[in-house]
Amino acid sequence: MKPLKFAVIGINHDHIHGQIRALRQAGAVCTGFHAVENDLSAAFAAAYPEVPRVAEAARLYEDPAIDVIVSAAIPGDRADIAVKAMRHGKDVLLDKPGMTSLDQLESVRLVQAETGRILSILYSEHFEVPATVKAGELVASGAIGDVVTMAGLGPHRLRKPQRPGWFFERERYGGILVDIGAHQFEQFLFFTGAEDADILSASVGNRANADRPGLQDVGDVHLRTPEGVTGYIRVDWFTPDGLPVWGDGRLFITGTQGTIELRKYVDVAGRDGGDHLFLTDRKGMQHIDCSSVELPFGRQFIADVFERTETAMPQARCFKAMELALKAQQRAEEAA
């Protein structure tokens, strides 16, 4: 099989490196990148000296040898990049959030349905975290019975002085429930197997950054599936300086026969490293080190491109996670 060829358009978020890594480790080849920012381009070229910078994005859209367009552009620009790519016959892999408004989501959905292209979003807190992948395997095997509820916590480090201007502009980053909450909505759908959910409550706020009024530094959501499975999501920008990683990401899954807790990036005052999974079931309690678990997203996505399948992530779940995030964001802001 020929290697998949992809090009990058938009490198405004460091998640681009995870996107590239996922594809390259599965054998794909990056043939070029386009970015308007010279400083970002210089750093990107230093990291990937073999990947040429292309002055005009149109050259990448129009190149028939390119299979996939990959983007970690400013969030508010990603939907437009995806639409252009699909209309040029390309599949697309976006950083989250894939879009920042319900109108953008509708536009992308229509073009995806019209063209039949793959529009995927690399929700990194799922697909780039071995502990989350392992939890999926355990839940699918029935290790904790039927899922009853899930709680996802996504604290992040703000690093305010290092952030670009767009990071603090609500219309460009999408709001906190869209920006970093999207991870949690996707995981809720994945672990519960639900196709939809209702937003029961949602809130956002700016508690400690009055100098940046466009920033939302905390948000939470309560949601429920039609089958009665409930979820709670909390995201914030309050990671303490003393934590050695960017955030103490946690996931709690309660089933009818057991529970799973993930300490994704750090076990506070506990075991070294990340990717800790704690399983409690009828037999007892155990800690599972998930650091060596394979991350299958890259190879599955490449297979999907060539075989026109949906093994990496169903298209419907990709869109539904963003729909829930956008609706929760809208509800929270209307209530504020």
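Because the structure is a prediction, the values reported are computed rather than measured.

Any chance you could explain the nonpolar core here in plain terms?
The tendency in soluble globular proteins is for nonpolar side chains to be buried as a group. Residues Phe-6, Val-8, Leu-119, Phe-185, Ile-253 and Ile-260 are the most contacted members of the largest nonpolar core, which totals 109 residues. Non-local contacts of Phe-6, meaning those with residues more than four positions away in its chain, are made with Ile-20, Leu-23, Arg-24, Ala-28, Val-29, Cys-30, Thr-31, Gly-32, Ile-66, Val-68 and Val-70.

Would you take a moment to explain helix 1 (residues 15–24) for this structure?
In an α-helix there are 3.6 residues to a turn, and that puts residues three or four apart on one side. Buried residues of helix 1: Ile-16, Gly-18, Gln-19, Ile-20, Ala-22 and Leu-23, and no others. Where helix 1 is buried, its residues meet strand 1 (5–11), helix 2 (38–47), strand 3 (68–72), strand 4 (91–95), strand 5 (119–122) and helix 11 (297–307).

What's the story with the sheet that holds strand 4 in this structure? I'm lost.
Sheet strands line up and pair through hydrogen bonds in the backbone, either parallel or antiparallel. The strand order across the open sheet formed by five strands is 2-1-3-4-5, and the pairing between neighbours is parallel. Every other strand in the sheet has two partners, leaving strand 2 (29–34) and strand 5 as the edge strands with one partner each. Ignoring which end each strand starts from, the neighbouring axes of this sheet average 25° apart. As paired elements, strand 1 and strand 2 share five bridges and run parallel to each other. By the bridge assignment for strand 2, Ala-7 is matched with Gly-32.

Help me understand the pattern of salt bridges, please; the structure alone is not making it clear to me.
Pairing of side chains with opposite charge becomes possible as their charged atoms draw close. A complete count under the given rule lists 24 salt bridges for this structure. Residue Glu-128 pairs with Arg-21 through a salt bridge whose shortest N-O separation is 3.0 Å. Pair noted here: Glu-128 is in the loop between helix 6 (124–127) and helix 7 (130–140) and Arg-21 is in helix 1, with a separation of 107 residues, a long-range link. Here Glu-128 falls in the partly exposed class, since its relative accessible area comes to 22%. Among the charged side chains, a network of salt bridges with common partners joins Asp-248, Arg-250, Glu-261, Arg-263, Asp-267 and Arg-271.

Would you mind showing me how to read the packing of helix 4 (residues 75–87) against helix 5 (residues 102–115) here?
Each packed pair of helices is defined by two parameters, the angle between the axes and the distance between the axes. The N-to-C vectors of helix 4 and helix 5 enclose an angle of 15°; their axes lie 10 Å apart at closest approach. Relative to helix 5, the element helix 4 lies roughly parallel. Crossing geometry of helix 4 relative to helix 5 is assigned as left-handed. Residues Gly-76, Ala-79, Val-83, Met-86 and Arg-87 of helix 4 form the contact with helix 5, whose participating residues are Gln-104, Ser-107, Val-108, Val-111, Gln-112, Glu-114 and Thr-115.

Where do I start with the sheet that holds strand 7 (residues 198–205) in this structure?
Here we have eight strands laid out as an open sheet, ordered 7-8-9-6-10-11-12-13, and mixed in their pairing. A single partner strand is all that each edge strand has here, and the edge strands are strand 7 and strand 13 (284–289). Between one strand axis and the next, the sheet turns by 10° as a mean value, whatever way the strands run. Two elements, strand 8 (residues 218–224) and strand 9 (residues 230–236), share seven bridges in a ladder whose sense is antiparallel. Bridging across to strand 9, Val-218 finds its partner in Asp-236. Helix 7 rests against strand 6 (147–155), strand 10 (250–255), strand 11 (258–263), strand 12 (276–281) and strand 13 of the sheet, and its axis sits at about 170° to strand 11. Against the sheet, helix 10 (residues 181–192) touches strand 6, strand 7, strand 8, strand 9 and strand 10, its axis set at about 160° to strand 6.

Looking at this structure, how should I read unusual backbone geometry?
Most peptide bonds take the trans configuration, and most residues that are not glycine carry a negative phi. Residues Lys-96 and Pro-97 are joined by a peptide bond in cis, for which omega reads -10°. Within the element layout of this structure, Pro-97 appears in the loop between strand 4 and helix 5. With a phi angle near 50°, Arg-159 is a residue other than glycine that sits in the positive phi range. Among the secondary structure elements, Arg-159 is positioned in the loop between strand 6 and helix 8 (170–173). Take Arg-159: its relative accessible area is 39%, and that puts it in the partly exposed class. Positioned with a positive phi, Asp-275 is a non-glycine residue whose angle comes to about 60°. Looking at the secondary structure, you find Asp-275 in the loop between strand 11 and strand 12. Using a relative accessible area of 13% as the deciding quantity, one classes Asp-275 as buried.

Could you clarify how one ought to interpret the pairing of strand 11 in this entry?
As judged from the five bridges shared by strand 10 and strand 11, these two strands associate in the antiparallel manner. Directly across from Leu-251, in strand 11, lies its bridge partner Leu-262.

Please clarify how the pairing of strand 4 should be interpreted in this entry.
Sheet faces and side chains relate simply in a regular strand, where the side chains alternate between the two faces. With respect to burial, strand 4 is a largely interior element, five of its five residues being buried. Two strands pair when backbone bridges link them, and strand 3 and strand 4 are joined in this way by four bridges, in the parallel orientation. When the sheet's bridge partners are listed, Val-70 is paired in strand 4 with Leu-93. Crossover handedness for the path strand 3 to helix 4 to strand 4: right-handed. Examined bridge by bridge, strand 4 and strand 5 share four bridges and lie parallel to one another.

How should the environment of Arg-317 be read in this particular structure?
Turning to its location among the elements, Arg-317 is positioned in helix 12 (residues 315–335). Exposure remark for Arg-317: the relative accessible area of 14% places this residue in the buried category. Along the primary structure Arg-317 and Phe-190 are separated by 127 residues, whereas in three dimensions their C-alpha atoms are 7.9 Å apart. In contact with Arg-317, other than residues within four places in its own chain, are His-126, Phe-127, Glu-186, Leu-189, Phe-190 and Ala-312. A distance of 3.0 Å separates a polar atom in the side chain of Arg-317 from a polar atom in the side chain of Glu-186.

Each value, and the rule that gives it
Residues numbered from 1 in each chain as written. Predicted model: local features only at pLDDT ≥ 70, side-chain atom pairs only at ≥ 80, totals over all residues. Heavy atoms only, no water. Core = buried A, V, L, I, M, F, W, Y, C linked by side-chain atoms within 4.5 Å. Buried < 20%, exposed > 50% of the residue type's maximum accessible area, 1.4 Å probe, protein only. Contact = heavy atoms within 4.5 Å. Helix = DSSP H or I, 4+ residues; strand = E, 2+ residues; numbered from the N terminus. Pairing = 2+ DSSP bridges. Axes fitted to C-alpha atoms, helices over the stretch in contact; angles between N-to-C directions. Salt bridge = Lys/Arg side-chain N within 4 Å of Asp/Glu carboxyl O. Parallel < 35°, antiparallel > 145°, perpendicular 65-115°, else oblique. Left-handed = near helix turned anticlockwise from the far one by under 90°. Right-handed = clockwise from strand over helix to strand, strands pointing away. Polar contact = N/O pair within 3.5 Å; in protein donor to acceptor, adjacent residues only side chain to side chain.

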